[in-house]
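Geometric and topological summary
Spelled out, the chains give:
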Amino acid sequence: MKTYPLIRGLGYYVPERVLTNAELERTVETSDEWITSRTGIKERRVAAPGQATSDLSLEASKAALAAAGMAPEELTHLFLCTLTPDAYCPPAACILEEKLGVRGKAAMDLNAACSGFLFGLDMARAVICMTPAAKVLVCACDVLTSRTNWADRRTCVLFGDGAGAVVITSGEAEKRPGDAAIKDVRLLSDGSLGHLLTVKGGGSGSPMRLGDVVGDDFFVQMSGQEVFKHAVRNMVSVCEDVLAANGLTGADIDYFIPHQANWRIMEAVAKKLGLPIEKVCATVARYGNTSASSVAMGLAESFQTGKIKPGDKVLLSAFGGGFTWGAALLEF
């Protein structure tokens, strides 16, 4: 019988600061009705001054390790999926390693924008395949409010900060209640569409020089309608591919966790997959779009609140800048 890598612990963390739609109404030309009707977002979390990606990641990682009954010293690999690292160098994963109080692990950042967590899952699968004794921490975290233009009413209402983490090991050990087998992951990208969702400023293609003024390109810029169209189409397609490859249909899925970007996208994808709304994870109203961390956060919270139960088949899907997208099938 084939064994699959196991998720043995899940954790998540959000900052304390809550930013409501009512507060945004006082700073930018928008309204709670406008934001809610178009996105489903009512509030989001904002990192405190000085609170970086590694700080949020630390809390989520400690929670995942505790759930797995594992000490940080037991880890062999740390993957931090983010597009908002603490700095260009050192990698945020190495900063996280130090904050966990360990050394000598394989630590690296991975940037696939909002699809980062799914890409991290597949990286962990590959490591486990080649090194069955490995114990891999996959943390997904973004502090997107640090790259939000608060004068742009089209984008500033969308984003929040948060982190989610999982610990992954070989499936050769006995599966415990609460463990999830990673049955399949499918990943795709299309660089020709990358211009539709960008944060360019400061990169080597748009370098910063001493004395330059920070411009709009240092913040998230997005062609919303185009992103919406591609997100729905590609998330549906990759989910259908994963289901077909595993002899399943939407009716076999007990719970669906899509990227929490926009309720209308999530609703459209679920409808096309034949999934009833009550089977769809919806944290977007409380947290907004937390980029790479949204699926990881939704997974951890849904399990902890009992929405996911032992034996459930859970479908994950995400779409992000790049464009990148993917889907994963888990079995608890």
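Data block above holds the structure.
Attention in this report is confined to the structure presented alongside it. Please read all numbers here as calculations on a predicted model, not as lab measurements.

The helix and strand tally for the protein stands at nine helices and 13 strands. Relative to its length of 332 residues, the protein is compact, with a C-alpha radius of gyration of 19 Å against a globular reference of 20 Å. Across the 332 residues that make up the protein, the buried fraction comes to 54%. Taking all contacts inside the protein whose residues are at least 6 apart in sequence as the whole, residues at least 24 apart take part in 76%. Positive and negative charge centroids in the protein, built from 33 and 37 side chains respectively, lie 3 Å apart.

Turning our eyes to something else, we now look at helix 3 (residues 53–68). With 16 residues, helix 3 extends 22 Å from end C-alpha to end C-alpha; this agrees with the ideal 22 Å at 1.5 Å per step. Within helix 3 the residues assigned to the buried category are Thr 53, Ser 54, Leu 56, Ser 57, Leu 58, Ala 60, Ser 61, Ala 64, Leu 65 and Ala 68. Elements that come into contact with the buried residues of helix 3 comprise strand 1 (6–13), strand 4 (77–81), helix 4 (92–99), strand 6 (136–143) and strand 7 (161–169). Looking one or two places after helix 3, you find Gly 69, whose phi comes out positive at around 65°.

Across the interface, helix 3 lies against helix 4 with an axial gap of 9 Å and an inter-helix angle of 55°. What the angle tells us is that helix 3 and helix 4 run oblique. The element helix 3 and its partner helix 4 pack so that their crossing is right-handed. Together, Ser 54, Asp 55, Ser 57, Leu 58 and Ser 61 of helix 3 and Ala 92, Ile 95, Leu 96 and Lys 99 of helix 4 make up the contact between the two elements. Split into classes, the residues belonging to the contact of helix 3 with helix 4 amount to four nonpolar, three polar and two charged.

So, how was this worked out
Residues numbered from 1 in each chain as written. Predicted model: local features only at pLDDT ≥ 70, side-chain atom pairs only at ≥ 80, totals over all residues. Heavy atoms only, no water. Helix = DSSP H or I, 4+ residues; strand = E, 2+ residues; numbered from the N terminus. Rg over C-alpha atoms; globule rule 2.2 N^0.38 Å. Buried < 20%, exposed > 50% of the residue type's maximum accessible area, 1.4 Å probe, protein only. Contact = heavy atoms within 4.5 Å. Lys, Arg positive; Asp, Glu negative; His and termini not counted. Charge placed at Lys NZ, Arg CZ, Asp CG, Glu CD. Expected span 1.5 Å × (residues − 1). Axes fitted to C-alpha atoms, helices over the stretch in contact; angles between N-to-C directions. Parallel < 35°, antiparallel > 145°, perpendicular 65-115°, else oblique. Left-handed = near helix turned anticlockwise from the far one by under 90°. Nonpolar A, V, L, I, M, F, W, Y, C, P; charged D, E, K, R; others polar.

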